[in-house]
Structures are given as C-alpha cells and as structure tokens.
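Architecture and fold: a report
Residue-level listing of the chains:
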Amino acid sequence: MPTTMLRRVLSGALIALSPIIAIAQQQPPEPRDTRTAAHMPTAEEIKNPPASWIDKDTGHRIVRLTNEPGSASFYFNVNAYTPDGNEMIYTTREGISVLDLRTFKVRQVVQGHVRAIIVGHKTPSVFYLKPEENALYSTNVDTGVTRMLGKVPPHGNIATVNADETLAAGTYDEVDAPDKQYGNPPVAGKTEQAHPLEQPANKGEMMVRRLAARIPLVLYTLNLNNGKVTPLLHSTDWVNHLLFSPSDPQLLMYCHEGPWQAVDRLWTIHTDGTHNQLMHQRHMGMEIAGHEFWGWDGETIYYDLQTPKGQDFFLASINLQTDERVWYHLERNEWSIHFNVSKDGSLFTGDGGDPGQVAKAPDGEWIELFHPERINNTGIANKDLVQPGVLHAERVVNMSKHNYTLEPNVSFTPDQKMVIFRSNMFGPTYVFGVEVARAKP
C-alpha cells in the first residue's frame, strides 16, 4: 500500500473513532503507585531483602528465589518449566538463567540482551529472540547446545512455540507502522518503557489508538526446521497474545487486542489456517473477557470474565473436547489481574490488584489460592448451559508493599507445592515463591 494511501486510511480510522479516543484521553490517569509511606520498602530491605519469611497475615512461607536485582519470572500464561518439572527458567538483566526447583541452585544459560519467549514442552530448551539479528534461537538448558531457528519477518515478532517444537507463531505488520504514535507491541525485544516489565502510564489510551489505527497485519507461523514463514490470517484488527496449546501442536490461541469491551477477544485457529473460531460470545453490553490461558492438559481455556466490566467477576472456562463451560464466581477483593491453574486442576491462584485496576478493589493486594466448588444443579439439566461454581479464596501473600505497576504474574510449579510470582516489594524486581501448604508452627 502506498505511503500516502496508508496515511489516509489511518487518518480516516482515527477520525471515525475520535470520540472514543477523546473519552479515553479525558479519563483520569490510573494510579501509578497506591502504596502508603508505611508500605514502602525500607532502605535496609532494599539493600538486604530477606531470603525467606512466614507472612504474619497468612501463615504461608515465602522464599526469594533469585538474587539478581531486576530478575523476573515469565508472563503468567507462558511455560517457564522444563518438561521434567525440575527446573524453572527466568530472566535477568544479563540474559536468561535457570533455577533448579529441588536445590534452588541457579546458573546462567543465555548471556546478553535477548527476549525470552517460552520453554519447550518437548525438550528442556528455552526459545528467545536476539533483537540485533531479528532472529529466533533456542538453547538446551541441560547441554548448552544453541541453534538459530529462523529470521523474524520485517515489522514482526514471535510470541509462542508449539507443543512438539516444530512451529513458532507471531504477527508482522504489512506496512511500516509508526510504533510510538500507535503504541505497537515491542518488536523483537524493543521497548520504550523505563523497565520492560512495567505497564506504561498511558496504556489505556495507547490501546484505543492502536485499535483505531487498523494497521494491516499477518498472523503467521515460522517452521523451526527450515525457517519457512506461512501466513495464517490477514487482518486489520490488532491480533496479539498468541499461545499454542501445550498438548496439540496444531492449535493456536490468540486474541483480538484492544479495550476489552470494544473487541471479541478470545479466538483459536489451526496451523493450516482453518477453524478460526471465537471462544466466548458476549451476551451483555460492557461485558469483558480476557487474560486467557491454557490448562496444563491443553484442552481447556480459562479466562477472566466480568458481567459487566468492573461489577461482577468470574473465572470462566471452556473445554474444547466436550464444549463444557464453567463460570466460577468470586468477590471484588478476590479478583486478580491474572489467574492460573494447578497441573491437576484442583487449585487456582491469582495475583490480586491495587485500587487502580479494573475491579477497584479496596483490599485486593494479595496473592491468593482459590479452592473451586461446583454448584450442584437440582434444576433443568442442559449440556449447553453454563455450569455454575464458586471460588473459595485463601490469602497467601500480603502484597501491600508491592507496586502493581509491575504485574506479579502467578504460576504453579509443576509439583503444585509453590506459587511463583515476581515482585518489587523490596525495591528491585525479584522472583519469589510462596508455599501452597501453610507453614507449620
């Protein structure tokens, strides 16, 4: 598309949606730090953060798993664990390191400025991008063997790797879109944020502008054996948050990104470009669904559901084999930015949120465990109806010293004994784990 024509298209889209943009710009900025002075870390805590402690408010033991300031666990729905479940990969300012979950010993496996993507489900390999080369690499964390797997298309990114490690998936813009004006997601590790883990102050406005821009893009796969790029979907919608099923190598989940109330977000597509399907149909104005993630079986998709936005809260799921839908209800103070599920599906966890988040929770700054309960149906039985449930919350970490500009991003270890999260409660970011079992006196 010629540059002049592209500018006209983008300009027209922005003019058409200018009332929405104006509303977003008129809204007061979200609080950047809701902590009181009493909850700020002390100089001693910043200098010498504790290695472990028992939370006096919850009775659960918390362990600081990393020593490197600026170290961080993976995004909540991205696999960080080796296939045997014994090791966890995390990032540092110097590269990528691995933590032995049995001994808590660490070692660096990738050095330099790279962007970690995911840990393989088949081999103990971490996949990552080298931004200076715009190329995808893998390193076996046990042997150290490193391979260059393919080049990322211009204006593109890689987001996920499939279950048998034969394909990666990402998106690329079909035009040279202006990143700063429209807030495109980082390309191959590039970021304009002060810290790549922190949420930008103008995130809401940025998302409105990016959606309005209608930048032509392609959802594609990259063959990890020969580097071949295969387009799956052409769109002027903003496509984001790609994540392969951990068990089905041909099944890819993605989202239509933007303000959640303005998009039908959750979709799946097969790697041959067929079966492009919406996973949650909206039934109410201002209903929102998002922050989707796979269950460990690769057959169930879970997501945050609010009916409507900021008012009533559910952790919802759909099983792709049976089409069964379950909605677990939870209270405002129990809502979390991200949820996750244990390997056997018996427990959920959430990372909470401060009053500046969508739930506006006055007392939501906790890492929580959730014990699910299905509600017994004594009425009309219909397999097409949503199955009701409720989550019973158990607080495990007081996060009042955490600045939620950095999202904690919880996940269960494969043995289900610990919930992993990142936090800046002592100043710099570190990786922490809280034991699921309450500490013995």
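Report on the accompanying structure. Just so you know, these numbers come straight off a predicted model, no measurement behind them. All residue numbers refer to position in the chain's written sequence, counted from 1. This being a predicted model, a pLDDT of at least 70 is required before a residue's local features are given, and a value of 80 or more before pairs of side-chain atoms are given or counted; all residues contribute to the totals for chains, interfaces and linings. Excluding hydrogens and water, the side-chain figures rest on all heavy atoms present in the structure.

**Some remarks on helix 5 (residues 203-213)**
Where helix 5 is concerned, the buried positions are M207, V208, R209, R210, L211, A212 and A213. Strands here are runs of E lasting at least two residues and helices are runs of H or I lasting at least four, both read from the DSSP assignment and numbered beginning at the N terminus. The first or second residue beyond helix 5 is R214, which carries a positive phi of 55 degrees. Categorising residues by exposure relies on relative accessible area from a 1.4 Å probe, with only protein chains included: less than 20% of the type maximum marks a residue as buried, more than 50% marks it as exposed, and the intermediate range marks it as partly exposed.

**Observations concerning the nonpolar core**
Membership of the largest hydrophobic core comes to 40 residues, with the highest contact counts inside it found for M88, I89, I96, F127, L136, I158 and L224. If one sorts the elements of this core by residue count, strand 7 (residues 125-130) sits on top with four residues. Those residues in contact with L136 that lie beyond four places of it in its chain are I117, F127, Y128, L129, R147, M148, L149, G150, I158, A168, L222 and L224. Core analysis: the next-biggest nonpolar cluster, separate from the first, contains 34 residues, F313, W335, M399 and Y404 among them. We define the nonpolar core as a collection of buried residues of types Ala, Val, Leu, Ile, Met, Phe, Trp, Tyr and Cys that are connected through side-chain atoms lying within 4.5 Å of one another. Pairs of residues are marked as contacts when any of their non-hydrogen atoms sit within 4.5 Å.

**Quick word on the sheet that holds strand 25 (residues 387-398)**
Here eight strands make up an open sheet; going across it, the order is 18-19-20-21-25-24-23-22 and the pairing mixed. Each of the sheet's edge strands pairs with one partner strand only, and the pair in question is strand 18 (288-294) and strand 22 (339-341). The average undirected angle you get between the axes of adjacent strands in this sheet is 30 degrees. Here strand 18 pairs with strand 19 (residues 300-306) via five bridges, running antiparallel. Following the sheet pairing, F293 is matched in strand 19 by Y302. We treat two strands as partners when DSSP finds at least two bridges between them. Here an axis means a line fitted to C-alpha atoms, over the contact stretch when the element is a helix, while the angle between two N-to-C directions is reported on a 0 to 180 degree scale.

**As for the sheet that holds strand 3 (residues 87-92)**
One open sheet holds the three strands; their spatial order is 3-4-5, and the pairing between them is antiparallel. Each edge of the open sheet carries a strand with a single partner, namely strand 3 and strand 5 (106-111). Adjacent strand axes in the sheet meet at a mean angle of 30 degrees when their direction is disregarded.

**A short note on the packing of aromatic side chains**
Any pair of Phe, Tyr and Trp rings, taking the six-membered ring for Trp, is counted once the centres come within 6.5 Å. Such a pair is stacked with planes under 30 degrees apart, edge-to-face with planes over 60 apart, and tilted for the rest. Summed over all chains, the structure comprises 15 aromatic pairs. When the centroid spacing of 5.9 Å and the interplanar angle of 75 degrees are considered together, the rings of F76 and F293 count as edge-to-face. Taken together, the residues span a long stretch of sequence, with F76 in the loop between strand 2 (61-64) and strand 3 and F293 in strand 18 at a distance of 217 residues. One exposure class covers both F76 and F293, and it is buried. Centroid distance Y254 to W267: 6.4 Å. Interplanar angle 20 degrees. Geometry classified as stacked.

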